[in-house]
Amino acid sequence: QVQLVESGGGLVQPGGSLRLSCAASGFSFGNYPMKWYRQAPGKEREWVAAINGRSTFTNYADSVKGRFTISRDNAKNTVFLQMNNLNAEDTAVYYCNTVVNAEVSWGQGTQVTVSS
(Lines give C-alpha, C1' and ligand atoms only; values in the text may rest on other atoms or scores of the structure.)
Protein backbone atom coordinates (compact mmCIF):
# COMPACT_ATOMS: atom_id res chain seq x y z
CA GLN A 1 0.00 0.00 0.00
CA VAL A 2 1.04 3.61 -0.50
CA GLN A 3 3.08 5.06 2.34
CA LEU A 4 4.32 8.64 2.61
CA VAL A 5 6.61 9.76 5.43
CA GLU A 6 7.52 13.42 5.81
CA SER A 7 10.53 14.75 7.68
CA GLY A 8 12.63 17.87 8.02
CA GLY A 9 10.29 20.20 9.86
CA GLY A 10 11.29 22.25 12.87
CA LEU A 11 11.59 25.70 14.40
CA VAL A 12 13.22 28.36 12.25
CA GLN A 13 13.60 32.13 12.55
CA PRO A 14 11.93 34.49 10.07
CA GLY A 15 14.02 34.69 6.92
CA GLY A 16 15.44 31.22 7.48
CA SER A 17 15.26 28.07 5.39
CA LEU A 18 14.18 24.46 5.77
CA ARG A 19 14.17 21.47 3.46
CA LEU A 20 11.34 19.00 3.83
CA SER A 21 11.51 15.43 2.55
CA CYS A 22 8.80 12.90 1.82
CA ALA A 23 9.84 9.26 1.42
CA ALA A 24 7.37 7.25 -0.62
CA SER A 25 6.81 3.52 -0.96
CA GLY A 26 4.22 1.04 -2.20
CA PHE A 27 3.80 2.38 -5.73
CA SER A 28 5.78 3.21 -8.88
CA PHE A 29 6.94 6.55 -7.60
CA GLY A 30 8.33 7.97 -10.84
CA ASN A 31 5.00 7.50 -12.62
CA TYR A 32 2.99 9.80 -10.39
CA PRO A 33 2.80 13.51 -9.65
CA MET A 34 3.50 14.53 -6.08
CA LYS A 35 2.16 17.49 -4.15
CA TRP A 36 2.82 19.36 -0.93
CA TYR A 37 0.02 20.81 1.17
CA ARG A 38 0.00 22.64 4.47
CA GLN A 39 -2.46 23.30 7.26
CA ALA A 40 -2.06 26.21 9.63
CA PRO A 41 -3.80 26.27 13.04
CA GLY A 42 -7.49 27.05 12.62
CA LYS A 43 -7.30 27.02 8.83
CA GLU A 44 -8.16 24.58 6.09
CA ARG A 45 -5.49 22.52 4.40
CA GLU A 46 -4.11 24.34 1.36
CA TRP A 47 -2.14 23.23 -1.67
CA VAL A 48 1.45 24.50 -1.80
CA ALA A 49 3.32 22.93 -4.72
CA ALA A 50 3.18 20.14 -7.30
CA ILE A 51 5.62 18.28 -9.52
CA ASN A 52 5.03 15.76 -12.29
CA GLY A 53 6.66 12.36 -12.49
CA ARG A 54 9.63 13.36 -14.65
CA SER A 55 10.21 16.75 -12.99
CA THR A 56 9.43 18.57 -16.23
CA PHE A 57 6.58 20.55 -14.69
CA THR A 58 6.21 22.30 -11.36
CA ASN A 59 3.56 24.62 -10.02
CA TYR A 60 3.26 26.75 -6.89
CA ALA A 61 0.69 28.59 -4.85
CA ASP A 62 1.06 32.35 -5.22
CA SER A 63 1.88 32.65 -1.52
CA VAL A 64 5.10 30.62 -1.90
CA LYS A 65 6.13 31.33 -5.49
CA GLY A 66 9.74 32.48 -5.67
CA ARG A 67 10.51 31.22 -2.14
CA PHE A 68 9.74 27.48 -2.25
CA THR A 69 11.09 24.88 -4.67
CA ILE A 70 9.66 21.39 -5.15
CA SER A 71 11.91 18.65 -6.52
CA ARG A 72 12.13 14.87 -6.57
CA ASP A 73 14.66 12.08 -6.74
CA ASN A 74 12.99 9.12 -8.42
CA ALA A 75 15.96 6.87 -7.67
CA LYS A 76 15.33 7.44 -3.96
CA ASN A 77 11.50 7.62 -4.13
CA THR A 78 11.64 10.98 -2.40
CA VAL A 79 10.10 14.39 -3.00
CA PHE A 80 11.50 17.55 -1.44
CA LEU A 81 10.31 21.02 -0.59
CA GLN A 82 13.05 23.63 -0.21
CA MET A 83 11.64 26.58 1.68
CA ASN A 84 13.54 29.88 1.78
CA ASN A 85 12.83 33.28 3.27
CA LEU A 86 10.29 31.80 5.65
CA ASN A 87 7.84 34.00 7.51
CA ALA A 88 5.30 33.51 10.29
CA GLU A 89 2.52 32.84 7.77
CA ASP A 90 4.38 29.71 6.68
CA THR A 91 3.87 28.13 10.10
CA ALA A 92 1.85 24.96 9.51
CA VAL A 93 1.91 21.21 9.35
CA TYR A 94 3.21 20.23 5.93
CA TYR A 95 1.92 17.12 4.17
CA CYS A 96 2.91 15.33 1.00
CA ASN A 97 0.22 13.84 -1.16
CA THR A 98 -0.31 11.63 -4.15
CA VAL A 99 -3.19 9.94 -5.94
CA VAL A 100 -2.66 6.36 -7.07
CA ASN A 101 -5.47 4.46 -8.79
CA ALA A 102 -7.91 7.18 -7.70
CA GLU A 103 -6.96 6.73 -4.06
CA VAL A 104 -5.67 9.80 -2.25
CA SER A 105 -2.80 9.23 0.15
CA TRP A 106 -1.33 11.55 2.78
CA GLY A 107 1.65 11.38 5.03
CA GLN A 108 1.46 12.07 8.76
CA GLY A 109 2.80 15.59 8.30
CA THR A 110 5.78 17.51 9.63
CA GLN A 111 5.48 20.68 11.73
CA VAL A 112 7.13 23.87 10.53
CA THR A 113 7.19 26.76 12.98
CA VAL A 114 8.58 30.14 11.99
CA SER A 115 9.20 32.31 15.02
CA SER A 116 11.84 34.53 16.56
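Let me sum up the structure you'll find in this document. Here the structure is a predicted model, which is why all the values come from computation and not from measurement. (Residues numbered from 1 in each chain as written. Predicted model: local features only at pLDDT ≥ 70, side-chain atom pairs only at ≥ 80, totals over all residues. Heavy atoms only, no water.)

A few points about the overall build of the protein
Along the protein, the regular secondary structure elements total zero helices and 11 strands. Here the C-alpha radius of gyration of the protein, 13 Å, is about what a compact globule of 116 residues would show, namely 13 Å. Each of the three principal axes of the protein carries a C-alpha extent, and together these read 40 × 25 × 20 Å. Looking at the protein residue by residue over its 116 residues, the buried ones come to 43%. Residue pairs in contact within the protein that sit at least 24 positions apart in sequence constitute 52% of those at least 6 positions apart. Of the side-chain charges in the protein, 10 are positive and 8 negative, and the distance between the mean point of each set is 6 Å. (Helix = DSSP H or I, 4+ residues; strand = E, 2+ residues; numbered from the N terminus. Rg over C-alpha atoms; globule rule 2.2 N^0.38 Å. Buried < 20%, exposed > 50% of the residue type's maximum accessible area, 1.4 Å probe, protein only. Contact = heavy atoms within 4.5 Å. Lys, Arg positive; Asp, Glu negative; His and termini not counted. Charge placed at Lys NZ, Arg CZ, Asp CG, Glu CD.)

Comments concerning unusual backbone geometry
One non-glycine residue with positive phi stands out, namely asparagine 85, at about 50°. Take asparagine 85: it is sitting in the loop between β8 (78-83) and β9 (92-100). Despite not being glycine, asparagine 101 shows a phi value in the positive range, around 50°. The topology assignment puts asparagine 101 in the loop between β9 and β10 (103-106).

Here we look at the state of the cysteines
This structure, assessed with the given rule, holds one disulfide. Here cysteine 22 connects covalently by a disulfide to cysteine 96, the sulfurs 1.9 Å from one another. Taking the torsion about the S-S bond as the criterion, the cysteine 22 to cysteine 96 disulfide, at about 50°, is right-handed. Remark: cysteine 96 occurs in strand β9 and cysteine 22 occurs in strand β3 (residues 18-25); sequence separation between them is 74 residues. On the basis of relative accessible area, cysteine 22 is assigned to the buried category, the value being 0%. Classification of cysteine 96 by relative accessible area gives buried; the value is 0%. (Disulfide = S-S within 2.5 Å.)

Comments concerning the packing of aromatic side chains
All told, the structure shown has four aromatic pairs when counted by the stated rule. Taken together, a centroid distance of 5.8 Å and an interplanar angle of 70° make the contact between phenylalanine 27 and tyrosine 32 edge-to-face. Ring centres of tyrosine 95 and tryptophan 106 lie 6.3 Å apart, and the angle between their planes is 85°; on these two criteria the pair is classed as edge-to-face. Remark: tryptophan 106 occurs in strand β10 and tyrosine 95 occurs in strand β9; sequence separation between them is 11 residues. By way of ring pairs, the aromatic residues Phe27, Phe29 and Tyr32 are connected into one cluster. Positioned above the aromatic ring of tryptophan 106 is the side chain of arginine 45, whose terminal nitrogen or guanidinium carbon lies 4.4 Å from the ring centre. (Phe/Tyr/Trp six-rings, centres within 6.5 Å; stacked < 30°, edge-to-face > 60°. Lys NZ or Arg CZ within 6 Å of the ring centre and 35° of its normal.)

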